[in-house]
Amino acid sequence: MNKPYKTFSCQIHFSLSFDKVMVKILIIGAGAAGIAAANRLSENRFTNFTILEAENRVGGRIYSVKFGNAFVDLGAEFCHGENIIYDLVRKYNLLKPTEMIFPQLCHSSKELVRQDIADELFKAFYTIYMAPKQENQSFGSYFDQKYREIVTAHFQDKSHCKGLALESFDLFKKWVTSYEGSFSWYTPTIVSDYQICKGNHLMTWQGNGCGSLLKVLTKKYPAIEDKIILNKEVTDIIWDQDEAVVKCQDGSRYTADHVIVTVSLGVLKEKHQSLFYPPLPNNKETIIRKLGMDSIHQIFFQFPRRWWPVSEFIGFSFLWDEEGMDDLKRNNADKFWVKDLIGLFCVDQNPNVLEAWFSGEFIPTIESLSEEIIIEGIMFVIEKFLKDRFVDIPRPNGFIRHNWYSNPHFRGGYSHQTIKSRESSTEIGMSEPNILAEPLCTSSGKPMVLFAGEATHPIYYSVLHGAIETGFREADRIIAYYK
Ligand SMILES: Cc1cc2nc3c(=O)[nH]c(=O)nc-3n(C[C@H](O)[C@H](O)[C@H](O)COP(=O)(O)OP(=O)(O)OC[C@H]3O[C@@H](n4cnc5c(N)ncnc54)[C@H](O)[C@@H]3O)c2cc1C
């Protein structure tokens, strides 16, 4: 392509390099990455930007809502280690480390699993999950091969633990799919680029919600809030002219020198073909197709009173033995989705609230179920596993959740690398997030469309601290272009 706009763009670049205010920037999405990009641009006096957000609220997959006595997080909930979030909020004392306690393990036979045994089972699971791995294979095939072998060796003198450990196979499958954000554990690869930050891995926002982070980010530059336009779903990004043209669902139209796209991988998967003109390059299209983004599901239940233990307790996790699972399938088929419940967990500063965590193939079904049916299912599990240990367990009188998978502006929870994406990235010679993050440039090198968002982070994809860093990175790319 050799179009006149390319030489024209070089002239613009030269003449505007001293006037940052003239550089027109559009940010698509007011999630963590979009707000971080706006923050960095403001800090460097690139103030001529607008954020177009499809939802009627700011935050994206940060979604803190007042529920019960405090804020609960329907999206990102924990700060995983001493990362950029930790640095950003350190002086405000917002984060609190949690102690590493494992949940109480409840067995479908109603037999109580002693806490020391439950702890050993969880430790054995984490040893396998965290062990360094080499071959590009799925968690499912790796666990299929290794689990029995490792469990047998680990519990060789403890036959009771060994039996429970073998029964826990399905439970740990759910923990893996929840960490990976996948419906199946046969999709994510065991040799991903993801890296863990040092420090406490489960820091909470002490009942103030993860939204506190957004407040910290926008507090320094309050003008950012005035630059966000809500209910603006972008449908077209036309980038082969000197100015990019962005069209929205409501018929409105914007132009810009640069567009920072922060929509989720799930949205890119579903819409990239209609969203970009010219279409995305082959490598990017391939990686979008092959990376994974399914979902997890959290539901908060408020009870009229706290009926679960108060101290040294983080929650219950549920272990179905073969008989329990057969019975569920045969006699309660309409509630079979409850098998994807990992557990019920306590919530910070919210004494009467329990948070249910689901992961696995039933999430699309669970998202479609009514509040009443969900409460029926949860009460069924509570009665099956816990009735003999707690008396007069009341029904919940409050319920809140967000359906990330069915929402067209997210289409899932967080991204993961898959066996197939690994194969393609090896062939291309670049890691998946780096391929995703490559900007679309004119032939003169002007980055017209830039990509931020969790899935574009080379080592912290899927998580909030990764999303923030990518927003900063793409703002810096624009700033560097004008230096
Ligand atoms: C249930 C859940 C629990 C999680 N827990 C944690 C956790 O504990 N710790 C952690 O670190 N991370 C967690 N995460 C992941 C974390 O929330 C994300 O990595 C991070 O918030 C992603 O931010 P982002 O800016 O990349 O994307 P998003 O937050 O998805 O932002 C993209 C924005 O683009 C908007 N958008 C989409 N399409 C369009 C369009 N066509 N036009 C205009 N706007 C559009 C969306 O509405 C959205 O606001 C969790 C995620 C979920 C869903």
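Because the structure is a prediction, the values reported are computed rather than measured.

The rules behind these values
Residues numbered from 1 in each chain as written. Predicted model: local features only at pLDDT ≥ 70, side-chain atom pairs only at ≥ 80, totals over all residues. Heavy atoms only, no water. Helix = DSSP H or I, 4+ residues; strand = E, 2+ residues; numbered from the N terminus. Rg over C-alpha atoms; globule rule 2.2 N^0.38 Å. Buried < 20%, exposed > 50% of the residue type's maximum accessible area, 1.4 Å probe, protein only. Contact = heavy atoms within 4.5 Å. Areas by Shrake-Rupley, 256 points an atom, 1.4 Å probe, with all protein chains shown as cover. Lys, Arg positive; Asp, Glu negative; His and termini not counted. Charge placed at Lys NZ, Arg CZ, Asp CG, Glu CD. Pairing = 2+ DSSP bridges. Axes fitted to C-alpha atoms, helices over the stretch in contact; angles between N-to-C directions. Parallel < 35°, antiparallel > 145°, perpendicular 65-115°, else oblique. Left-handed = near helix turned anticlockwise from the far one by under 90°. UniProt positions renumbered as here; feature names shortened; annotations may be inferred. Near = heavy atom within 4 Å. Polar contact = N/O pair within 3.5 Å; in protein donor to acceptor, adjacent residues only side chain to side chain. Nonpolar A, V, L, I, M, F, W, Y, C, P; charged D, E, K, R; others polar.

*Asks:* Can you help me understand the overall build of the protein chain in this one?
*Replies:* When its secondary structure is counted, the protein chain shows 17 helices and 20 strands. In summary, the protein chain has a C-alpha radius of gyration of 24 Å against a globular reference of 23 Å for 483 residues, a match within 12%. The principal-axis extent of the C-alpha atoms belonging to the protein chain is close to 75 × 50 × 40 Å. Across the 483 residues of the protein chain, 57% fall into the buried class. Expressed as a percentage of contacts within the protein chain between residues at least 6 apart in sequence, the contacts between residues at least 24 apart total 75%. With an accessible surface of roughly 20,900 Å², the protein chain has 51% of that area assigned to carbon and sulfur atoms. Positive and negative side-chain charges of the protein chain, numbering 53 and 59 respectively, have mean locations separated by a distance of 4 Å.

*Asks:* When you look at the pairing of strand β14 (residues 296–302) in this model, what are you seeing that I'm missing?
*Replies:* Along any regular strand the residues' side chains alternate between the sheet's two faces. With six of seven residues buried, β14 lies mostly within the body of the structure. As paired elements, β14 and strand β17 (residues 353–359) share seven bridges and run antiparallel to each other. Bridge assignment links H297 to a residue of β17, and that residue is F358. Bridge count between β14 and strand β18 (residues 398–401): four bridges; the pairing is antiparallel. Looking across to β18, one finds that F300 is bridged to I400.

*Asks:* Would you mind going over the packing of helix α11 (residues 282–290) against helix α15 (residues 419–428) with me for this structure?
*Replies:* Geometrically, a packed helix pair is captured by the angle between its two axes and the distance between the axes. Direction vectors running N to C along α11 and α15 enclose 160°, while the axes themselves pass 8 Å from each other. With respect to their mutual orientation, α11 and α15 come out roughly antiparallel. Once α11 is placed against α15, the crossing between them reads as left-handed. On α15, the residues that touch N283, T286, I287 and K290 of α11 are K420, S421, S424, S425 and I428.

*Asks:* Teacher, can you tell me more about the UniProt feature "domain: Amine oxidase" (unreviewed entry) in the protein chain here?
*Replies:* Look at the UniProt record and you will see "domain: Amine oxidase" (unreviewed entry) annotated at residues 33–479. Strand forms 17% of residues 33–479 and helix 37%; the C-alpha atoms that close the span are 16 Å apart.

*Asks:* How should I be thinking about the sheet that holds β17 in this particular structure?
*Replies:* Within a sheet, neighbouring strands are paired by backbone hydrogen bonds and run either parallel or antiparallel to one another. One open sheet accounts for six strands, arranged β6-β15-β16-β17-β14-β18; its pairing is mixed. For this open sheet the edge positions go to β6 (104–107) and β18, each flanked by a neighbour on one side alone. Averaged over neighbouring strand pairs, the angle between their axes works out to 25° when direction is ignored. Relative to β17, strand β16 (residues 341–346) runs antiparallel, the two sharing five bridges. Residue pairing across strands places G343 opposite W357, the latter belonging to β17. Taken strand by strand, helix α7 (residues 169–180) contacts β6, β14, β15 (315–319), β16 and β17, and its axis lies near 75° from that of β16.

*Asks:* Even after reading the chapter, I still don't get the site of the ligand, so can you show me in this structure?
*Replies:* Around the ligand sit 37 residues in total, of which E53, R61, F78, Q298 and E454 are the nearest. In the environment of the ligand, an oxygen atom lies 2.9 Å from a nitrogen or oxygen atom belonging to the backbone of L464. Broken down by class, the residue content of the shell around the ligand amounts to 18 nonpolar, twelve polar and seven charged.

*Asks:* What exactly am I supposed to notice about the side chain of T418 here?
*Replies:* By the secondary structure assignment, T418 is in the loop between β18 and α15. The buried category is assigned to T418, whose relative accessible area is 4%. Side-chain polar atoms of T418 contact the backbone oxygen of K290, separated by 2.7 Å. Here T418 is in contact with T187, P188, T189, K290, L291 and G292, once residues within four sequence places are set aside.

*Asks:* Before we go on, may I ask you to explain the packing of helix α5 (residues 139–154) against α7 in this structure?
*Replies:* For the pair α5 and α7, interaxial distance at closest approach is 11 Å and the crossing angle is 150°. With respect to each other, α5 and α7 are oriented roughly antiparallel. The way α5 lies across α7 gives a crossing that is right-handed. Taken together, the residues of α7 that come into contact with α5 (itself represented by F139, F143, D144 and Y147) are F169, F172, V176 and E180. Split by residue class, the contact of α5 with α7 holds six nonpolar, no polar and two charged.

*Asks:* Would you take a moment to explain unusual backbone geometry for this structure?
*Replies:* Trans is the prevailing form of peptide bonds, just as negative phi is the prevailing case for residues other than glycine. Between Y277 and the following residue, P278, the backbone shows a cis peptide bond with an omega angle of -5°. Secondary-structure assignment places P278 in the loop between β13 (276–277) and α11. With a phi close to 55°, E312 is a non-glycine residue in the positive phi region. Among the secondary structure elements, E312 is positioned in the loop between β14 and β15.

*Asks:* Hey, could you run me through the sheet that holds strand β12 (residues 258–261) in this one?
*Replies:* Strand order in this open sheet of six strands is β8-β2-β1-β12-β20-β19, and the pairing throughout is mixed. Edge strands, defined here as strands with exactly one partner in the open sheet, are β8 (228–229) and β19 (440–441). Where helix α2 (residues 32–43) meets the sheet, its contacts fall on β1 (25–28), β2 (49–52), β8 and β12, and the angle it forms with β2 comes to roughly 170°. Contacts between helix α17 (residues 464–481) and the sheet are confined to β1, β12 and β20 (447–451), with β20 contributing the most and set at about 160° to the helix.

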